[in-house]
Amino acid sequence: MAQRVVSRWVLSCLAWLLLPGHALSEAAPSVVGADSWPAISLQPTVASGLVDPVYVTHANDGTGRLFVLEQAGRIRIVVKQVLISEPFLDITDRVLSGGERGLLGLAFHPNFRENGRLIVNYTRTPDGATVVSEFRVRHAGERPSLSERILIVIAQPYSNHNGGMIAFGPDGLLYIGMGDGGSAGDPQNRAQNPHELLGKMLRIDVDKNEPYAIPGDNPFRSGGGRPEVYAKGLRNPWRFSFDRETGDLWAADVGQYKWEEIDLVTLNGNYGWRRMEGRHCFIPESGCEGPDLNLPLLEYAHQGGRCSITGGYVYRGQVQSSLKGLYLFGDYCSGELFGARLEGGEHPRAVKGPERLLRTGLRISSFGEDEAGELYVVDHGGGLYHVTETSQTGGEHHNFPANQ
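Residues numbered from 1 in each chain as written. Predicted model: local features only at pLDDT ≥ 70, side-chain atom pairs only at ≥ 80, totals over all residues. Heavy atoms only, no water.

**What about the sheet that holds strand S15 (residues 229-232)?**
Across a sheet, paired strands are connected by hydrogen bonds in the backbone, their directions being either parallel or antiparallel. We apply this condition: Two strands pair under a simple rule: DSSP has to find at least two bridges between them. Elements are defined by DSSP. Helices are runs of H or I of four residues or more, strands are runs of E of two residues or more, and each kind is numbered from the N terminus. For helices, the fitted line uses only the C-alpha atoms of the stretch in contact; every axis is such a line through C-alpha atoms, and the angle between N-to-C directions lies from 0 to 180 degrees.
Here four strands make up an open sheet; going across it, the order is S12-S13-S14-S15 and the pairing antiparallel. Edge strands, defined here as strands with exactly one partner in the open sheet, are strand S12 (166-168) and S15. Neighbour to neighbour, the strand axes of the sheet diverge by 20° on average, direction disregarded.

**A few points about the environment of Arg136**
This is how the line gets drawn: Here, residues are in contact when the closest pair of their heavy atoms is within 4.5 Å. Polar contacts, as counted here, are pairs of nitrogen or oxygen atoms within 3.5 Å of one another; within protein the pair requires one atom able to donate a hydrogen and one able to accept it, and residues that are adjacent in sequence qualify only if both atoms are side-chain atoms.
Take Arg136: it is sitting in strand S10 (residues 130-136). In this structure the C-alpha to C-alpha distance between Arg136 and Arg117, which are 19 residues apart in sequence, comes to 4.6 Å. Once residues lying within four places of it in the same chain are set aside, the contact partners of Arg136 are Asn115, Gly116, Arg117, Pro144 and Ser145. A polar side-chain atom of Arg136 sits 3.2 Å from a polar atom in the side chain of Glu134.

**Examining the environment of Ala340**
What counts here: Each residue is placed in one exposure class: buried if its accessible area under a 1.4 Å probe, protein chains only, is under 20% of its type's maximum, exposed if it is over 50%, and partly exposed if it falls in between.
Summarising the element assignment, Ala340 is placed in strand S24 (residues 336-343). Assessed through its relative accessible area of 0%, Ala340 is described here as buried. Taking the C-alpha atoms as reference points, Ala340 and Trp37, 303 residues apart in sequence, are found 9.2 Å from one another. Look past the residues within four positions of Ala340 in its chain and what remains in contact with it is Trp37, Leu298, Gly325, Leu326, Tyr327, Phe329, Val351 and Lys352.

**Here we look at the state of the cysteines**
Formally: Two cysteine sulfurs form a disulfide in these notes if their separation is within 2.5 Å.
One pass over the structure, following the stated rule, counts two disulfides. Between the sulfur of Cys281 and that of Cys288 lies a disulfide, 1.9 Å long from S to S. In this structure the cystine formed by Cys281 and Cys288 twists about its S-S bond by roughly 60°; its chirality is therefore right-handed. We classify Cys281 as partly exposed; its relative accessible area is 43%. Take Cys288: its relative accessible area is 12%, and that puts it in the buried class. For Cys307, the disulfide goes to Cys333, at an S-S distance of 2.0 Å. Here the residue Cys307 occupies a position in the loop between strand S21 (298-301) and strand S22 (309-314), and Cys333 occupies one in the loop between strand S23 (327-331) and S24, the gap between them amounting to 26 residues. Sequential numbering of the bridged cysteines in the chain gives the disulfide pattern 1-2, 3-4.

Next up, the structure:
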């Protein structure tokens, strides 16, 4: 469900209905090396029982459980490929769901095993405002209390571009991805306005003060903008992730009409929207040139059914050796999975890719990691899949030019 205006949402759903079957096409094999790409396949973890899943994650509590968000407002538990019937948390009565709204994000506190704290991001009923709030598990093995501690509420002027992703960074702080508030073209230019929370990456400290503290190096802590802002100029960072090894923050920002992009987000960066769409001028009179802009790490065009990027993860698990260091991501509309790799440590960072690794019939709403760093793909149609390397033949392994 990578965020797209409602009309495109409907079109993509119709396109899904027209796809033949629900089969996965495996990539052709390749010899793993500096100039080659791995062959991957998707193995079903949960084939049925999920309703409109939009995210999967883990609690890092040693249990090996996976937690899957259902858009309507439920968190489901998967244990050893078995979907538990009773929800871990059900807040459907508080969630305004449909289109691009719903229960959109979940982050377990780094010390969840000790403190039982988890954070969710949802659009509330009846007004669709974004709510980021905390729930708590009082005793190990139990489910959270339905009592919530609201951290922040952000008004949403339109029904789309709500962002939704939340994650704790290596610094122990909570990062919140906020879309520009919706409509098309960011009509109020919120993403470039530092006094707006929309169109930003936010960063707060949920372990200090009430309801949260502002980190000492946030760029507007002392004035000139909202103190929660970490970076600006984002259209709709539906899914972002931290590289477990390097700490790099990879954010896939959903584009407008022509370009999808991936950014390496850093403190006080400006990622261009609405001055730019990808590396291309969107509002000429806004001044598209400038040293203040951080151009995307990579981009791809709307072609071949592609229209909405779904951000993924850099693989840091131990089982799939050919995937190590690979950033895996996808497109909601085309169902393709892509790979990219960083090359060298110079600035600006060089990147190899994107390379199409797999063609599927899935509506890729999200990726996720388990405790061991293994990667999963979430199908908005109801499935959860484990990403594995393969040596099987067949299918297609194809590179498309990033600027084609």
